[in-house]
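# Overview (structure and organization)
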Number of protein chains: 2
Amino acid sequence: MRIGVDVMGGDYAPQNIVLGAIESLSKISSDTSLVLLGDKPRILDICRQNGCDASSFEIVHTSQVIRMNEHPVKSYTSKKDSSLVAGFNMLAKKELDAFASAGNTGAMLTGCQTALRPIPGIMRPCISAEMPLLNGKKMLILDVGFNTDSKPDMLYQFGYLGSIYAKEMMGIENPGISLLNIGEEEDKGDMVAREAYKLMIDSAHYRFCGNIEANHLFSGDIADVVVTDGFTGNVLLKQAEGMYGLTQSLDVKHKFFEGFNYESYGGTPVLGISSPVIIGHGSSSPLAVANMVLKAESALNNKLVGKFIEAFSYEH
Amino acid sequence: MRIGVDVMGGDYAPQNIVLGAIESLSKISSDTSLVLLGDKPRILDICRQNGCDASSFEIVHTSQVIRMNEHPVKSYTSKKDSSLVAGFNMLAKKELDAFASAGNTGAMLTGCQTALRPIPGIMRPCISAEMPLLNGKKMLILDVGFNTDSKPDMLYQFGYLGSIYAKEMMGIENPGISLLNIGEEEDKGDMVAREAYKLMIDSAHYRFCGNIEANHLFSGDIADVVVTDGFTGNVLLKQAEGMYGLTQSLDVKHKFFEGFNYESYGGTPVLGISSPVIIGHGSSSPLAVANMVLKAESALNNKLVGKFIEAFSYEH
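Here goes a summary of the coordinates provided.

Cut-off values and rules
Residues numbered from 1 in each chain as written. Chains lettered and ligands numbered in written order. Predicted model: local features only at pLDDT ≥ 70, side-chain atom pairs only at ≥ 80, totals over all residues. Heavy atoms only, no water. Contact = heavy atoms within 4.5 Å. Buried area = accessible area lost by both parts, 1.4 Å probe. Salt bridge = Lys/Arg side-chain N within 4 Å of Asp/Glu carboxyl O. Polar contact = N/O pair within 3.5 Å; in protein donor to acceptor, adjacent residues only side chain to side chain. Helix = DSSP H or I, 4+ residues; strand = E, 2+ residues; numbered from the N terminus. Buried < 20%, exposed > 50% of the residue type's maximum accessible area, 1.4 Å probe, protein only. Lys, Arg positive; Asp, Glu negative; His and termini not counted. Axes fitted to C-alpha atoms, helices over the stretch in contact; angles between N-to-C directions. Parallel < 35°, antiparallel > 145°, perpendicular 65-115°, else oblique. Left-handed = near helix turned anticlockwise from the far one by under 90°. Nonpolar A, V, L, I, M, F, W, Y, C, P; charged D, E, K, R; others polar. Pairing = 2+ DSSP bridges.

The subject of this paragraph is the interface of chain B and chain A. Between chain B and chain A, the contact holds 40 residues from the first and 40 residues from the second. Each partner contributes to the roughly 3,500 Å² buried at the junction of chain B and chain A, and carbon and sulfur atoms together form 72% of this total. When the buried area of chain B at its contact with chain A is split by residue, Ile182, Phe231 and Gln239 of chain B rank highest and sum to 20% of it. In this structure, the connection of chain B to chain A is made through four salt bridges. The interface formed by chain B and chain A holds 10 residue pairs in polar contact (both at pLDDT 80 or more) in total.

Here it is as structure tokens:
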């Protein structure tokens, strides 16, 4: 298995990315190869400074960098020799099995949409985040921002993607899927949520548990997977991240809130496309980068894409 | 000034409501009369048990109660002699100047829409919440749930309503209005947010400060007023409330997070209708009820509705 890592993407690239790749070496299987894409001399320097034998990696030299604040589509289409674009091209040509980057999120989404195919039967890919619950378990939230405008059928499918992810990646046997809404009753919510509820309540594909309100999200024992549109999901994810910041500023720290620190966890997997892609937070720490690599490896080991393909074959 | 209080609305009604009304007596002006609507014998009992002279209030006896979980429209239209419907009818006939209830939120919104007129020029009323900032100031968020589906022009108007509220009720001289979005750039967001941005950036009515992301909401110094659609705003408000719950459960309490405890604060004012209406949380404490009364009095003292009428006269 070959996992590509975009060494030039992220606020602290290439330093944090190479350090994270080094950190992951002791945790991945001996069958997994890490392919670092970026400025080769700088990668070699960082390896040398940190006592790492650079031959542990395969290095693909690229000459361009897509910066964090660049226009996603413009930069993606013009910077053909950037580490980010090179990663997607290798993935499309099956020269990589998975790709991870903490770079420009918009450019990553552009790559998912232009270089990769959606899985047949899936209307739109989405991104997801594993968030902590008070009972110590984790909950998957999706979509957390791939799509800005969502339709009810998309939300229905996110529920199915999430249920498969929860089963295969989180080890939850018969996951409960809830719809984020502004009331528990079926007629609550905006048009998209109301119509999505009608589709989900009749689902033969997953166990739908009804609506969940945001004040009950993290108390646990309600839902394993929470479905929402990408706009609301992104606001929710960022609000949780802001809460972590507040607990830090106010010095009322608790391990639980570290789970909201999306800089530290292993990135958000893009679900519904033909290869595993993991998008990390711009400020990813070396640990977060290592976790991204492990998440990509886990998606490959669990044959996640194959499970999605099989599941959505009913659509065509 | 006559402020009506729905004594039968709320999870701990009538007890908490009467206690809150008693608590507010020492804080309101001698010109303000409190009109309690509900079961007269029970109101008299609670007054007696708490050493309060019931003649401090005017009591309007009603025989019916709209329960918290009843269908809003059905209960509103069928229970003509409920305290909630009676309050709206008195307000419509100018027998009350303002009305506050911690009862069934949906029935309250039904009352606002059926018994009261929207202010001419205002497309849709909205509800708002004052939330705490790290710098000790407060920020107004609207719409937090009156409207489930919003249009860009509605969001534009919420900005204007919010700027007037911030000036008149919160004493902020030239408030900065931000749009909640999933990125800072103008082309970010769903269709509603993108179009609302275009209207707000050209505003001659208020000082627009661009997009704000949810991770920066409470750090302060960015926005005095945050505009969003009612679905996202309601999720945001409830997520903040849930965070308060988490800090309590994990015993990492801090005064700041109490500001997210929407059970304790003085209700959310409905903006854009012909009379001040304050909607409280179902679990309102006596203090929260007293704060609702004070908020209603403040809206009347500041002639808030008159300011809205004047401001929106440009629309017709």
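Before going further, it helps to spend a moment on the side chain of aspartate 143 of chain A. Residues and elements named next belong to chain A. Among the secondary structure elements, aspartate 143 is positioned in the loop between strand 6 (138–142) and helix 6 (152–170). For aspartate 143, which is buried and forms no salt bridge, the nearest opposite charge comes from arginine 124, at a distance of 7.2 Å. In this structure the side chain of aspartate 143 is engaged in a polar contact, spanning 3.0 Å, whose partner is the backbone nitrogen of glycine 145.

It is worth spelling out the packing of helix 1 (residues 15–25) of chain A against helix 10 (residues 286–301) of chain A at this point. Geometry of a packed helix pair, given as the angle between the helix axes and the separation of the axes. Residues and elements named next belong to chain A. Closest axis-to-axis distance for the helix 1/helix 10 pair is 7 Å, and the angle between their directions is 55°. Classified by the angle between their axes, helix 1 and helix 10 sit oblique to one another. The way helix 1 lies across helix 10 gives a crossing that is right-handed. Together, Asn16, Ile17, Leu19, Gly20, Ala21, Glu23 and Ser24 of helix 1 and Pro286, Leu287, Val289, Ala290 and Val293 of helix 10 make up the contact between the two elements.

What follows is about the packing of helix 6 (residues 152–170) of chain B against helix 11 (residues 304–311) of chain B. Residue and element names in this part refer to chain B. In contact at an axis separation of 10 Å, helix 6 and helix 11 are set at 140° when each is read in the N-to-C sense. With respect to helix 11, the element helix 6 is oriented oblique. The element helix 6 and its partner helix 11 pack so that their crossing is right-handed. Residues Tyr160, Leu161, Ile164, Tyr165, Glu168 and Met169 of helix 6 pack against Leu304, Lys307, Phe308 and Ala311 of helix 11. Counted by class, the contact of helix 6 with helix 11 contains eight nonpolar, no polar and two charged residues.

Take the pairing of strand 5 (residues 126–132) of chain B next. All names here are of chain B. Among the seven residues of strand 5, seven are classified as buried, and the element is accordingly described as predominantly covered. Burial of strand 5 is two-sided: the residues Cys126, Ser128, Glu130 and Pro132 facing one way and the residues Ile127, Ala129 and Met131 facing the other way are all buried. As paired strands, strand 5 and strand 10 (residues 268–271) are joined by two bridges and run antiparallel to one another. Bridging from a neighbouring strand, cysteine 126 pairs with leucine 271 of strand 10. Where strand 5 folds back onto strand 6 (residues 138–142) in an antiparallel hairpin, the turn is made up of five residues, including glycine 136, whose phi is positive at roughly 90°.

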